[in-house]
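Now for the letters of each chain:
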Amino acid sequence: MKAVYIGLDVHKEIIVIGVADGEQVFIYGQCSSDIRHFLKTLRGLLNKYGLTKEQVRICYEAGPCGFTLARHLLRIGFMVEVVAPSLIPTRGGDRIKTDRRDAKKLARLHRAGELTSVHIPDAEDEVIRDLCRARTDAMDDQTRAKHRLMMFLLRNGHRYKGQSPWGDAHRRYLRELVLIDPIQKMILEENLQAVDMAKGRMESITEQMSIRLVNWSRRPFVEALQGFKGFQLVASMIVTSELGDLKRFKHPRQLMAYLGLVPSEHSSGNSRHQGSITKTGNSHVRWILVEVAHSYRLPPKVSKELSVRQEGLDKSIRALSWKVQNRLHNRYVKLTMRRLHENKIKVAIARELAAFIWELGQLKQKTSTREAAA
């Protein structure tokens, strides 16, 4: 049975369709990006060349249009891959880029097996991921609003000298601050309202995260990850929703590379040079892991909050959590004694933490298998 490879150049308004069979590569045409119109065009292509769903291999680049099209095609029986744009081979002398060329190129490279596919998340996972990213956006808005307010006060000669910024005492100070011009007082109030509004958005989204977690299929892994030091509800849900199924990573090094936590390298002949981390892949999880890594500077300890989060967890998960604390704290101390920059230390700890998260995924899978067998 011959296979026909279809490359789609997907845009907001149109989809350009390129086809590669055993003999040639050509453009079939273009259609609206509406799923119903595209399916009608795809059925016309199959009928014209006498093809079945099993003979067709479809691919398109990951981009702003998301995974809705891929999930719909998979649901009705097509074989679809979403490929990583940054890993598509390019020719050094190619200076012409059009939609038709891109569609033909995707079809040709897909036939040659030179494209790297990305993970297609489930619809449920993508909803949770959007919710987690919305909370991060609200937190960024709050941070920017605070910076704007503090810069406004600094320009006008006001500096808060208390011990706890943005605590109750600091907020009272801001509310009672006397400014010379009424316009400046109005600007102060507007900035305070922006800070409070962003805080309210963040609290509302966090509450929705707690509600959606109850019926989420990945809830057991979220609860297990909260048994690790530094991982509370928000961090655990972000990591779980972004990574999805950890079974697709055969080795922890693959997960480290996916998160961009491995050093870049340029080696030739007998010389070997390693540079900064690659920073490829999922930047959201990388940011969370670097933030959590800072907590392992403290000596190993099962605090009151951590013991509450570990209630009901399997004994093997609690043992792994304690192993993580000892290993990463000792590593943190050794790197500090070498006088490395703190950012480098946190990245190194985050890299090893990613390996322990992968190990937790394998452990959780084995536990689930035992429970199902019992």
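In what follows, the accompanying structure is described.

Thresholds, definitions, all that
- Residues numbered from 1 in each chain as written.
- Predicted model: local features only at pLDDT ≥ 70, side-chain atom pairs only at ≥ 80, totals over all residues.
- Heavy atoms only, no water.
- Helix = DSSP H or I, 4+ residues; strand = E, 2+ residues; numbered from the N terminus.
- Buried < 20%, exposed > 50% of the residue type's maximum accessible area, 1.4 Å probe, protein only.
- Contact = heavy atoms within 4.5 Å.
- Areas by Shrake-Rupley, 256 points an atom, 1.4 Å probe, with all protein chains shown as cover.
- Salt bridge = Lys/Arg side-chain N within 4 Å of Asp/Glu carboxyl O.

In this section: the overall build of the protein. Per the secondary structure count, the protein includes 13 helices and seven strands. Reported as C-alpha extents along the three principal axes, the dimensions of the protein are approximately 75 × 60 × 55 Å. Buried positions account for 41% of the 374 residues belonging to the protein. Sequence separation of 24 or more characterises 62% of the internal contacts of the protein that already satisfy a separation of 6 or more. As presented, the protein carries roughly 21,700 Å² of accessible surface, and 51% of it is formed by carbon and sulfur atoms.

According to the stated counting rule, one finds 16 salt bridges in the structure shown. For Arg 133, the salt bridge is made with Glu 242, and the minimal N-O distance between the two is 2.8 Å. Of this pair, Arg 133 sits in helix 4 (residues 123–155) while Glu 242 is found in helix 8 (residues 233–243), placing the two residues 109 residues apart along the sequence. Overall, Glu 242 belongs to the buried group, its relative accessible area being 5%. Between Arg 175 and Glu 189 there is a salt bridge whose closest N-O contact spans 3.0 Å. One end of the pair, Arg 175, is in helix 5 (residues 168–175); the other, Glu 189, is in helix 6 (residues 182–213), with 14 residues separating them in the sequence. Overall, Arg 175 belongs to the partly exposed group, its relative accessible area being 36%.

Honestly, that's just the spatial picture; any functional story needs more than this.
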